[in-house]
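Observations on the model geometry
Read off the chains here:
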Amino acid sequence: MTAGLPGTGIGGMFYLMSALATPLREAYLRVRGRRSRGWGVVATQTAIAGAILAGVWATGWLLGLALSASRSVIPALATVHPGNLLPAVALLFSVGTLAAVLLGVEVLRLWIRRRPGRETSIKRYQRRRAVAAGERRRRIVLLLLGAVVTAHARPAAAQGGNLTTGHLGRADSAFTAGDTRAAAQEYAAVLAADPWNSHATYRLAQLHRHDPRLALRLFRRYVDLEPSDPWGYMALAEMLARAGRYGAALRCYDDALRLAPDERDAVVGRARTLARARRAGAAIAVYEGWLAAHPTDAEVRRELAAARVAAAPAIMPLVGGSRDSDGNATLRLGGVAELEASGPTRLGVRATREQIRDGGTAIGLDELTLRAAARPRGTLQIDLEGGATRVDAVGSAGAPLIPTGQLRARWRDPMGGPAIDLRARRNVIDASPLLVTNRVVRTEIGAIVELPVAKGLKLRGIGRTAALSSSLDVNHRTTFAGVAAVAVTPILEVSGQIHEIRYSRPSSAGYFAPRLVQIAQAGSYIELETARSIVLAFDLGAGVQRVAQQRAAVGPWRRALRLYSLIAVPLAPGRELRFELDADDSGVATESAKTAVATDSATTAQWRYVSMQVSLRVALP
């Protein structure tokens, strides 16, 4: 800079030239119909720049007069040029210095091309200064010695720039220190003053990953601001994949790969998204292509092995049974075989043999079912089973063959919005020899609708209707329930539930069919995964219920308890042990909105039962 002359340093001259260019910038935006900040800011900055230039000129002029007046005192100055050139020399010297710096930057930009750095995981964006900083500015072209920025340069504001810089510095410090709340507030302040700040946009998106809607909007904004940055597309793709929007995520990964064809995170992220979308064949092909060029990548090799295990055919032997308060006991043996799957649909077959006993009677039944599980989109999952159940012959009667099956379709808004669960099923009620002998078959349809009403609070409505047919009669059962659930933590949900169950008539087929059952329960659902990938899920309910027999008044309140638990333990790659426990002490075997467990096999108002099942899934090589 030029000592003694205010505003003539490189930074000061850059500001002056930028401010004097704002009228051209504003006129350009108005002609193109783009968003602008208005003529008020332009007039203010132009006036400030003019005042600074006038001050610089006046300072040089006064210094020139002082030097001219001192010729008689200081002989060495006798050779000074008779004209007052100091103002012009000061300005030209500063402009020349700025021109040299900017020209050198542009030459180096053409000479050195920075390549995107490699990382081991797409989740480590905070270590990438090229992405996190987002401080790329639009290119400035120097036109003539006294001209400045082009029409694409942003308007410069001294006070606003200082304010933005202060917020940005505090935000980065808080982000580095792990103070996410303070960092989010400071980055939001930066964007309020400068909506085009890509650095603050990206950081704020990172801090709001728990809010998919806001994070997606910010990542999209970052991509608009920095369309040549492949890491922006990868961050957006990862967020879309987390929301279940796999098609859009794959398109973003394709955009990233067009900008950085050999970037590991883009290739591996695309493979992971394909695997999450259950497109195992495509995911395996991407993994294999990467390993062909990078055979030492151990992490990708492990993920490829996991993808092959998930797509491989598998067998799952199982054993289970139940016992109730009336002395009925069941024993079930069987297994499931799954075929190899390369797309979003998995096919299999299930076969079981079940023996039902009471104090002195035993009867058996065999079930064979074809199964299909499909996820055509990330937000929609469909499970379909169809087959038949054969009941052992009793006396002179033959062994009947009863068609059975079920259909379940689940859709959930990827942004945490509403969800719908539709179910239809037909099965033989097998809790006691009397029920099986009387051929009691349940045909049911139902739905669960979930609506978020506030942060962490969801309301669920449950409705079902079932026809219970037997060799003796036909009955109808309707169920209505309302649930208010609060997500206390990501793994714990607490709820209040009210159920009402009605039967149209009494039955002599062997099941309890009161006129009305009312249940009020407090429930909790816990699901967590340990560091060893062990999954634990528990659905608990405790409350009271009252029953009204057919053509009778409602009875007193009594306890109503239920429990369902699932434990899944991975033993080795492709091998998983599962244990399920289901217990009920409500007299009607209520069905949980989370686990869809029900028996419809109560025999009295004081009926209780417990059932267990153990299975082992083994993927075949």
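Residues numbered from 1 in each chain as written. Predicted model: local features only at pLDDT ≥ 70, side-chain atom pairs only at ≥ 80, totals over all residues. Heavy atoms only, no water.

Let us now look at the overall build of the protein chain. On a plain count of helices and strands, the protein chain comes out with 14 helices and 16 strands. Within the protein chain, buried positions represent 41% of all 621 residues. Of the contacts made within the protein chain by residues no fewer than 6 positions apart, 54% connect residues no fewer than 24 positions apart. As presented, the protein chain carries roughly 31,600 Å² of accessible surface, and 62% of it is formed by carbon and sulfur atoms. (Helix = DSSP H or I, 4+ residues; strand = E, 2+ residues; numbered from the N terminus. Buried < 20%, exposed > 50% of the residue type's maximum accessible area, 1.4 Å probe, protein only. Contact = heavy atoms within 4.5 Å. Areas by Shrake-Rupley, 256 points an atom, 1.4 Å probe, with all protein chains shown as cover.)

Sheet topology places strand β1 (residues 314-324) next to strand β16 (residues 609-619); nine bridges connect them, and they run antiparallel. Paired with R323 across the strands is V610, a residue of β16. Here 10 bridges tie strand β15 (residues 575-585) to β16, and the two strands are oriented antiparallel to one another. Looking at the pairing, D582 lines up with S611 of β16. (Pairing = 2+ DSSP bridges.)

Right, let's talk about the packing of helix α12 (residues 280-293) against helix α13 (residues 298-311) for a bit. Between α12 and α13, the least distance of the axes is 9 Å, while the angle of their chain directions is 155 degrees. As the angle between them shows, α12 and α13 are arranged roughly antiparallel. Considering the relative orientation of α12 and α13, their crossing is left-handed. Across the interface between the two elements, A280, I284, Y287, E288, W290 and L291 of α12 pack against V300, R301, E303, L304, A307, R308 and A311 of α13. The class makeup of the residues in the contact of α12 with α13 is nine nonpolar, no polar and four charged. (Axes fitted to C-alpha atoms, helices over the stretch in contact; angles between N-to-C directions. Parallel < 35°, antiparallel > 145°, perpendicular 65-115°, else oblique. Left-handed = near helix turned anticlockwise from the far one by under 90°. Nonpolar A, V, L, I, M, F, W, Y, C, P; charged D, E, K, R; others polar.)

Tallied over the full model, the rule gives 32 salt bridges. The residue D366 makes a salt bridge to R353 at a minimum N-O spacing of 3.1 Å. In this pair, D366 is assigned in strand β4 (residues 362-377) and R353 in strand β3 (residues 345-357), connecting sequence segments 13 residues apart. In this structure R353 comes out as partly exposed when scored by relative accessible area, which is 33%. Linking R423 and D421 is a salt bridge whose minimum nitrogen-to-oxygen distance equals 3.1 Å. Since its relative accessible area comes to 14%, R423 is described here as buried. Connected through salt bridges with shared partners, the residues R264, D265, R272, D297, E299 and E303 form a single ionic network. (Salt bridge = Lys/Arg side-chain N within 4 Å of Asp/Glu carboxyl O.)

Another aspect to go through is the side chain of T352. Its location among the elements puts T352 in strand β3. Judged by its relative accessible area of 9%, T352 is buried.

Moving on: the packing of aromatic side chains. Evaluation of the coordinates by the stated rule reveals four aromatic pairs. Taking the centre distance of 5.6 Å and the plane angle of 70 degrees together, the rings of Y202 and F219 count as edge-to-face. Of this pair, Y202 sits in helix α7 (residues 198-207) while F219 sits in helix α8 (residues 212-225), and the two are 17 residues apart along the sequence. For Y202, a relative accessible area of 0% translates into the label buried. Connected via pairs of aromatic rings, a cluster forms that spans Y202, F219 and Y222. Of note, R203 hangs over the ring of F175, and the distance from its end group to the ring centre comes to 3.8 Å. (Phe/Tyr/Trp six-rings, centres within 6.5 Å; stacked < 30°, edge-to-face > 60°. Lys NZ or Arg CZ within 6 Å of the ring centre and 35° of its normal.)

It is worth spelling out the pairing of strand β6 (residues 401-412) at this point. For strand β5 (residues 380-391) and β6, the ladder comprises 11 bridges, and the chain directions are antiparallel. Paired with A388 across the bridge in β6 is P403. In this structure, β6 lies alongside strand β7 (residues 419-428), joined through eight bridges in antiparallel fashion. Bridged to Q406 within β7 is R425. Remark: six residues form the turn of the hairpin made by β6 and β7, two consecutive strands paired antiparallel; G416 in that turn has positive phi of roughly 80 degrees.

What follows is about the packing of helix α9 (residues 230-242) against helix α11 (residues 264-276). Put simply, α9 and α11 touch, their axes get as near as 11 Å, and they point 15 degrees apart. When the axes of α9 and α11 are compared, the pair comes out roughly parallel. Seen from above, α9 lies across α11 with left-handed handedness. Here α9 contributes W231, M234, A241 and R242 to the contact with α11, which in turn contributes D265, A266, T273 and R276.

Assignment of secondary structure puts V544 in strand β13 (residues 535-548). Through-space distance from the C-alpha of V544 to that of A520 is 5.5 Å; in sequence the pair is 24 residues apart. Other than its neighbours up to four places away in sequence, V544 contacts Q518, I519, A520, W557, R558, R559 and A560.

Moving on, we come to α12. Helix length check: α12 (14 residues) gives 21 Å between terminal C-alpha atoms against 20 Å at 1.5 Å per residue, within 8%. For α12, the complete set of buried residues consists of A280, A283, I284, V286, Y287, W290 and L291. In an axial view of α12, the angular spread of the buried residues amounts to 160 degrees, which keeps them on one side of the axis. Turned more than 90 degrees from where α12 packs its buried face, A292 and A293 sit exposed. Where α12 is buried, its residues meet α11 and α13. (Expected span 1.5 Å × (residues − 1). Arc of directions from axis to C-beta.)

Moving on, we come to the side chain of D421. Summarising the element assignment, D421 is placed in strand β7. Engagement of the side chain of D421 in a polar contact is seen with the side chain of R423, the distance being 3.1 Å. Those residues in contact with D421 that sit more than four places away from it in its chain are R408, A409, R410, G446, A447 and I448. (Polar contact = N/O pair within 3.5 Å; in protein donor to acceptor, adjacent residues only side chain to side chain.)

The grouping of V319, L331, L333, L571, L577 and V614 at the surface amounts to a nonpolar patch, some 480 Å² of accessible area in total. With respect to the element layout, L577 can be found in strand β15. The partly exposed category is assigned to L577, whose relative accessible area is 34%. (Patch = residues over 30% accessible without salt bridge, like charges linked within 9 Å, V, L, I, M, F, W, Y side chains within 5 Å.)

The next thing to look at is the environment of V453. If you trace the backbone, V453 turns up in strand β8 (residues 441-454). Through-space distance from the C-alpha of V453 to that of G417 is 9.2 Å; in sequence the pair is 36 residues apart.

This brings us to helix α10 (residues 246-259). Compared with the 20 Å implied by 1.5 Å per residue over 14 residues, the 20 Å span of α10 between its first and last C-alpha is a close match. Of all the residues in α10, the buried ones are Y246, A248, A249, L250, C252, Y253 and A256. Of the surrounding elements, those touching the buried residues of α10 are α9, α11 and β4.

Another aspect to go through is the nonpolar core. With 39 residues, the main nonpolar core has Y187, F219, L236 and L240 as its most contacted residues. Every element with two or more residues in this core is listed here: α5 (158-177), α6 (180-193), α7, α8, α9 and α10. Excluding its chain neighbours within four sequence positions, the residues that come into contact with F219 are Y202, A205, Q206, R209, A235, L236 and M239. If you look at the next biggest cluster of nonpolar residues, it comprises 18 residues, including I501, Y503, F512 and A602. (Core = buried A, V, L, I, M, F, W, Y, C linked by side-chain atoms within 4.5 Å.)

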